[in-house]
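Close look at the chain arrangement
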Amino acid sequence: MPELPEVETIRRSLEPELLGRRIASATVHHGHVTGGLGARAFQAALGGRTITRLWRRGKYLVFDLARNAGLERHLICHLRMTGRLRYLRPGARWTEAPRHTHATLRLEGGGRLIFHDVRKFGRLTLAAPGELAGLLPAGRDPVVDGLAAADLERALRARRGGLKALLLRQDLLCGLGNIYADEALHRAGLHPARTADSLQAAELARLTAGIMAVLSEALAFRGTTLLDYRSGDGERGGFAEYLRVYGRAGRPCRACGSAVVAMRAAGRTTAFCPRCQPG
DNA sequence: TGATTCCTGTCC
DNA sequence: GGACAGGAATCA
């Protein structure tokens, strides 16, 4: 499941290949990924445009596309659970099943950008500059914007519900998903069901530090590959073996050795250590 | 605020 | 052969 570190790793792997390149043609093989926009409209909107910038907000990737002067558009990509973006250099083979390959951008001078998604939850969206803000998450991105304890305090202030549910809300903070929310709470020593208004200043500081630490470490290892995730050049992430609680229910906590426990929070499986993260 | 929906591969 | 995985939109 690509979360902030995975999407940022994809961005970094694609940027040197795509920046300044012009799209020769765009093909949509399965229309549901473009949210109803037909293959013809997609091709018309993208063909001949130059990729001028590739940036990220939360789990969203945004391609800035220019054609002539001032006629800018944006291609917004969300990979959801199993989506992949892969750049293939000229002549490189794509061996994945065609039924899961949903869109292809061919670049002038050769090379292809492929959108692949087994589960078909991922989306490619076209937007005009004025529409962008409404399509991207409103919350603070810890890596792009930075995150201080005061920022987290503002984001969580007066919010009801448990910390796990709050950390998953992209309108408060964007980029955390199930893996890194669990890992950040473990690093902070906070139970997933603790409420925001119960946090002492020191706990808020620990949570801030936990979020920043797990994101930067995961980024340094180019993300977490459990099953599906690959970067834009097809590489696996290396952070999975450093996860402390996520996916480790019943196994020993990496910090204290107690058995990791699974619970349900905000409709998601949530792993925590009952000793490191007391209720 | 919580349940439901979208999807398909994987695992028991 | 059925439960489960889950991000975010949608709805009760």
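Throughout what follows, the structure given in this document is the object of discussion. Note that the structure is a prediction, hence the values are computed from the model and not measured. Along each chain, numbering runs from 1 in the same order as the chain's sequence is written. Labels follow written order: the first chain is A, the first ligand is 1, and so on. Residue-level local features of this predicted model are given only where pLDDT is at least 70; pairs of side-chain atoms are given and counted only at 80 or more, and the full residue set underlies all totals for whole chains, interfaces and linings. To obtain the side-chain values, all non-hydrogen atoms of the structure were used and water was disregarded.

1. A look at the sheet that holds strand β7 (residues 112–117)
Defined as follows: Two strands are said to pair when DSSP picks up at least two bridges between them. Only DSSP runs of H or I covering at least 4 residues are called helices, and only runs of E covering at least 2 are called strands; the numbering of each starts at the N terminus. Lines fitted to C-alpha atoms define the axes, with helix axes restricted to the stretch in contact, and inter-axis angles between N-to-C directions lie between 0 and 180 degrees. Whether two residues are in contact is decided by their heavy atoms: any pair within 4.5 Å suffices.
Overall, antiparallel pairing links the four strands, which are arranged β1-β6-β7-β5 in an open sheet. Each having just a single partner strand, β1 (23–28) and β5 (83–88) make up the two edges of the open sheet. Averaged over neighbouring strand pairs, the angle between their axes works out to 15 degrees when direction is ignored. The pairing of strand β6 (residues 101–107) with β7 spans five bridges and is classified as antiparallel. From the neighbouring strand, alanine 103 faces β7, where its bridge partner is phenylalanine 115. Sitting on the sheet, helix α1 (residues 4–18) is in contact with β5, β6 and β7, with an inclination near 30 degrees to β5.

2. A few points about the environment of glutamate 6
Under the convention used in this document: Residue exposure (1.4 Å probe, protein chains only): buried if accessible area is under 20% of the type maximum, exposed if over 50%, otherwise partly exposed. A 3.5 Å cut-off defines polar contacts: any pair of N or O atoms within that distance qualifies, except that in protein one atom must be a possible hydrogen donor and the other a possible acceptor, and neighbouring residues in sequence count only when both atoms are side-chain atoms.
Considering the arrangement of structural elements, one finds glutamate 6 in helix α1. For glutamate 6, a relative accessible area of 0% corresponds to the buried category. Taking the C-alpha atoms as reference points, glutamate 6 and alanine 148, 142 residues apart in sequence, are found 22 Å from one another. Beyond its immediate stretch of four places on either side in the chain, glutamate 6 contacts Met1, Tyr180, Gly223, Thr224 and Tyr229. Polar side-chain contacts of glutamate 6 include one of 2.7 Å to the backbone nitrogen of threonine 224.

3. Some details on the protein's contact with DNA strand B
Selection rule: By convention in these notes, a residue is near a molecule or strand provided one of its non-hydrogen atoms lies within 4 Å of it.
Neighbouring DNA strand B are Arg99, His100, Val118, Arg119, Lys120, Phe121 and Arg160. Take the atoms of DNA strand B that sit within 4 Å of the protein: sugar and phosphate atoms are 58% of them. Between arginine 99 and DNA strand B, the recorded distance is 3.2 Å, taken from a side-chain N or O atom to a phosphate oxygen. At 3.4 Å, a side-chain N or O of histidine 100 approaches a phosphate oxygen of DNA strand B.

4. As for the protein's contact with DNA strand C
The line we're drawing: Residues are sorted three ways: Asp, Glu, Lys and Arg are charged, Ala, Val, Leu, Ile, Met, Phe, Trp, Tyr, Cys and Pro are nonpolar, and all the rest, Gly among them, are polar.
In the region of DNA strand C, 14 residues are neighbours, and His78, Arg80, Met81, Arg119 and Arg268 sit closest. The sugar-phosphate backbone supplies 58% of the atoms of DNA strand C found within 4 Å of the protein. Contact distances for DNA strand C include 2.8 Å between a phosphate oxygen and a side-chain N or O atom of histidine 78. At 3.3 Å, a side-chain N or O of arginine 264 approaches a phosphate oxygen of DNA strand C. Among the residues forming the surface near DNA strand C, the class breakdown is five nonpolar, four polar and five charged.

5. Brief notes about the nonpolar core
Note the threshold: In this description, a nonpolar core means a group of buried Ala, Val, Leu, Ile, Met, Phe, Trp, Tyr and Cys residues linked to one another through side-chain atoms lying within 4.5 Å.
Residues Leu152, Leu156, Leu167, Tyr180, Leu207 and Ile211 are the most contacted members of the largest nonpolar core, which totals 30 residues. Breaking this core down by element, the ones donating at least two residues are α4 (149–156), α5 (163–168), α6 (178–188) and α7 (201–220). If near-sequence neighbours (up to four positions away) are discounted, leucine 207 is found in contact with Leu152, Leu156, Leu163, Leu167, Ala184, Leu185, Ala188, Leu190 and Leu199. If you look at the next biggest cluster of nonpolar residues, it comprises 29 residues, including Leu105, Leu107, Leu113 and Leu126.

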